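What the coordinates show
Next come the chains, spelled out residue by residue.
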Amino acid sequence: MDGIFERACAKLNLGLAVRGRRPDGYHELHTLFATVDVCDEVRLRPESRGVTLTVGGEFEAPQGPENLAWRAAEAYLAAAGAPGGVAVWLEKRVPAGSGLGGGSADAAAVLRGLAKIYPAEVDLVALARELGADVPFLLRGGLAEGRGVGEELTFLEPLEAHFVLVRPPFEVPTAAAYAALEPGDFGGDLDVAGILEALRRGAPPPWRNDLERAVFFAYPPLADLKRLLEEHGLAGALMSGSGSTLFAPVESREKAERYADALARRYPGFWVRAASLTPGEEA
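Heads up: these notes are all about the structure in this document. If you're wondering where the values come from, they're calculated on a predicted model, not measured in any experiment. (Residues numbered from 1 in each chain as written. Predicted model: local features only at pLDDT ≥ 70, side-chain atom pairs only at ≥ 80, totals over all residues. Heavy atoms only, no water.)

Details of the packing of aromatic side chains
For the coordinates displayed, the defined rule picks out six aromatic pairs. Ring centres of F33 and F137 lie 4.8 Å apart, and the angle between their planes is 15 degrees; on these two criteria the pair is classed as stacked. One end of the pair, F33, is in strand β2 (residues 27–47); the other, F137, is in helix α4 (residues 135–140), and 104 residues separate them in sequence. With a relative accessible area of 2%, F33 lands in the buried category. On the basis of relative accessibility, which here comes to 0%, the residue F137 falls in the buried class. A centroid spacing of 5.7 Å and a plane angle of 75 degrees characterise the contact between F163 and F247, whose relative ring orientation is edge-to-face. Linking F163 in strand β7 (residues 162–167) with F247 in strand β9 (residues 246–250), this pair joins segments that are 84 residues apart in sequence. Like F247, F163 is buried. Chaining the aromatic ring pairs together yields one cluster made of F33, F137 and F155. (Phe/Tyr/Trp six-rings, centres within 6.5 Å; stacked < 30°, edge-to-face > 60°. Helix = DSSP H or I, 4+ residues; strand = E, 2+ residues; numbered from the N terminus. Buried < 20%, exposed > 50% of the residue type's maximum accessible area, 1.4 Å probe, protein only.)

Here you go:
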């Protein structure tokens with residue numbers, strides 16, 4: 001189709017500290033966001049009015065207003081003064097419920113694309129915040145330190161790093177993961193400098209994910225999978241976001257692909273990918 005093409009790249013949380021529960025019911029976070037080159041594809045074509053959404057690819061997703069990409073299109077068109085409509089084609093390659101921000105990445109891609117089709121004085125970051133905590137980061141991608149609920153961002157210099165991603169064949173609902181947190185799960189800030197330096201050296205980073213205890217208790221196979229990955233030589237395996245994807249750093253893309261091929265054969269039915277960090281839209 002003609003129109004605008006945007007990549008909607010998945011994110012990893014290279015560590016996730018939950019500092020405590022806020023008065024508004026959300027949790028105060030400290031995280032290190034990074035986009036990887038595992039991406040949905042989004043194509044947008046201007047129409048006379050309204051929003052249509054067609055979904056294809058490896059994974060199913062809603063094709064109506066319950067899809068975050070649809071809501072992003074409606075929000076932008078309304079903020080821009082209803083200059084027209086849009087047809088959106090979404091090729092899903094990032095699984096839902098995986099801690100990879102696939103739906104948020106789709107929404108961010110729609111906002112970027114519509115800003116090109118219908119340029120207007122629209123605050124994309126403000127719209128992104130209304131759509132979800134991960135969407136502001138995914139508007140740009142790359143590497144960023146996140147605070148608040150993830151919307152307070154400090155972008156960092158791009159970093160070369162490679163990972164193996166492994167997702168078992170089930171989802172973890174984000175709301176349920178946070179609801180299961182106990183005060184003993186809360187921790188201090190991440191050692192961001194230490195994490196980045198370890199990744200540069202190819203060493204296991206000093207990262208952690210404060211959601212792991214609650215999620216592993218509810219989903220014991222994830223705890224088993226983390227142990228198995230480490231037994232396979234993937235030191236430093238960590239859960240991304242609220243799961244269910246685990247990832248581990250490796251020294252090179254070639255090594256990541258070898259590990260991914262071997263793990264896909266060993267664990268049929270699991271979603272396994274080699275991934276590398278991306279520089280982001282404005283890096």
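So, the nonpolar core
If you look at the biggest cluster of nonpolar residues, it comprises 36 residues, and the most contacted ones within it are V110, L111 and L114. With eight residues, the single largest contributor to this core is helix α2 (residues 102–117). Every residue in contact with L114, bar those within four places of it in the chain, is listed here: L44, A73, Y76, L77, V86 and P119. (Core = buried A, V, L, I, M, F, W, Y, C linked by side-chain atoms within 4.5 Å. Contact = heavy atoms within 4.5 Å.)

Here's the deal with the state of the cysteines
In total, this model carries one disulfide according to the counting rule given. Between C9 and C39 runs a disulfide, and the two sulfur atoms are separated by 2.2 Å. Taking the torsion about the S-S bond as the criterion, the C9 to C39 disulfide, at about 80 degrees, is right-handed. On the criterion of sequence distance, the pair formed by C9 in strand β1 (residues 4–21) and C39 in strand β2 is long-range, its members being 30 residues apart. Judged by relative accessible area, which is 12%, C9 ranks as buried. (Disulfide = S-S within 2.5 Å.)

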